[in-house]
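Observations on chain architecture
One letter stands for each residue in the lines below.
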Amino acid sequence: MSPPTLPTGVERRLFDGDERLATRGASVYGEPTDGEWRVWDARRSKLGAMLEHGMETGLSGGETVLYLGAAAGTTVSHVADFSGPTYAVEFAARPTRDLLTVAEDRQNLFALLKDARKPETYAHIVEPVDVIVQDVATRGQAHVARANRPFLRDDGRLLAAVKARSEDVTADPESVFEQFSSQLDGYEILETQRLEPFHDDHLAVVARPDR
Ligand code: SAM
């Protein structure tokens, strides 16, 4: 079986003799760049790690994206490099300030200082999307995915990174992941993958709306 193709706008390119994932855009977090392409560091990005693991994300490039848990914009900046309108939700004020700076260089990136548990507070801004990327690293990660499900088109994809320790620091990660999967009402899970060696105790989930 051939490996899944990368979205248009994401390439494997040589940096210092190593093949690295890269997107084209203004540098954001001190990542290596050749002035046009910049390294997408999978150790700093769960979505990058999903691509490195060859997961079938369904991304082809140019999609409309809702990104939950954008922080200072490390990953969502890469997403905006190869996507259409990209709505980036983050509820902490400090990283959102940096996110706003990242958005200045990207006309398709819209930073929203909002709580992903309260989608009604941004429902008037966000259009129906092809992809939800979720990396909130907080308790109630399945709830966040369910609450934002109405934004997702019927043929869309949820790409979620679940952090076990955010749900329960003492629990066995596998039991946390099972619980997350069992609580993902409204979605059908297509693929799961642990993100080691890039990220410890994280499960990546690709899901689509239930039919
Ligand atoms: N996705 C980011 C990246 O790769 O560049 C890193 C995200 S960090 C692991 C998790 C972020 O989710 C934090 O910035 C945190 O403030 C944010 N977050 C947690 N709960 C949230 C919520 N309910 N609404 C919005 N953001 C939330």
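About the thresholds
- Residues numbered from 1 in each chain as written.
- Predicted model: local features only at pLDDT ≥ 70, side-chain atom pairs only at ≥ 80, totals over all residues.
- Pairing = 2+ DSSP bridges.
- Helix = DSSP H or I, 4+ residues; strand = E, 2+ residues; numbered from the N terminus.
- Axes fitted to C-alpha atoms, helices over the stretch in contact; angles between N-to-C directions.
- Contact = placed C-beta atoms within 7 Å.
- Buried ≥ 20, exposed ≤ 12 C-beta atoms within 10 Å, placed from the backbone.
- Right-handed = clockwise from strand over helix to strand, strands pointing away.
- UniProt positions renumbered as here; feature names shortened; annotations may be inferred.
- Near = placed C-beta within 6 Å.
- Nonpolar A, V, L, I, M, F, W, Y, C, P; charged D, E, K, R; others polar.
- Core = buried A, V, L, I, M, F, W, Y, C linked by C-beta atoms within 7 Å.
- Arc of directions from axis to C-beta.

Another aspect to go through is the sheet that holds strand β8 (residues 152-163). Read from one edge to the other, the open sheet built from seven strands follows the order β6-β5-β4-β7-β8-β10-β9, with strand pairing classed as mixed. Looking at the sheet topology across the chains shown, the edges are occupied by β6 (109-113) and β9 (187-194). If you compare each strand with its neighbour and ignore which way they point, the axes differ by 15° on average. The pairing of strand β5 (residues 86-90) with β6 spans five bridges and is parallel. Bridge pairing links A88 to A111 in β6. Along the sheet, helix α2 (residues 74-82) makes contact with β4 (65-68), β5, β6 and β7 (129-134), crossing β5 at roughly 170°.

Next up on the list: the pairing of β7. Summarising burial for β7: six of the six residues are buried, a large majority. Pairing of β4 with β7, which is carried by four bridges, proceeds in the parallel orientation. In the sheet register, V65 faces β7, and the bridge partner there is V131. Sheet analysis places β7 next to β8, joined by five bridges and oriented parallel. Bridging across to β8, V129 finds its partner in L152. In this fold, the crossover linking β7 to β8 by way of helix α4 (residues 141-148) has right-handed handedness.

Per the UniProt record, "binding site: S-adenosyl-L-methionine" (unreviewed entry) is annotated on T74, T75, E90, F91, D115, A116, D135, V136, A137 and T138. Within the element layout of this structure, D135 appears in the loop between β7 and α4. Once residues within four sequence positions are removed from consideration, D135 is found in contact with K46, G69, T75 and A161. Structurally, the position occupied by A137 is in the loop between β7 and α4. A137 gets classed as partly exposed once you count the C-beta atoms within 10 Å, which come to 16. Sequence-distant contacts of A137, that is, excluding residues within four places in its chain, are made with G69, K163 and S166.

On to the site of the ligand, then. Around the ligand, the structure places 18 residues, and the nearest of them are G69, A71, T74, T75 and A116. Every element with two or more residues in the shell around the ligand is listed here: α2 and β5. Here the residues of the shell around the ligand are counted per class, giving nine nonpolar, five polar and four charged.

Counting 59 residues, the largest nonpolar core has Y67, L68, A88 and V133 as its most contacted members. Every residue in contact with L68, bar those within four places of it in the chain, is listed here: V89, A116, I132, V133, Q134, V136, V144 and N148.

What follows covers unusual backbone geometry. Here the residue pair E196 and P197 is connected by a cis peptide bond, since its omega of 5° sits within 30 degrees of zero. Non-glycine residue A137 carries a positive phi angle of around 45°. With phi around 55°, D201 is a residue other than glycine that occupies positive phi space. Along the polypeptide, D201 turns up in the loop between β9 and β10 (202-209).

Strand order in the open sheet made by the three strands is β1-β2-β3, with antiparallel pairing throughout. Every other strand in the sheet has two partners, leaving β1 (10-15) and β3 (37-39) as the edge strands with one partner each. When strand polarity is set aside, the average angle formed by the axes of neighbouring strands in this sheet is 50°. Direction of pairing for strand β2 (residues 18-24) relative to β3: antiparallel, over a ladder of three bridges. Paired with R24 across the bridge in β3 is W37.

Here we take up helix α6 (residues 173-182). For the α-helix, the turn length of 3.6 residues means that residues three or four positions removed from each other point alike. Turning to α6, its buried residues are V176, F177 and F180. Looking down the long axis of α6, one finds its buried residues gathered within 100° of arc, a one-sided arrangement. Across from the buried face of α6, at angles greater than 90 degrees, the exposed residues are E174, S175, E178 and S182.

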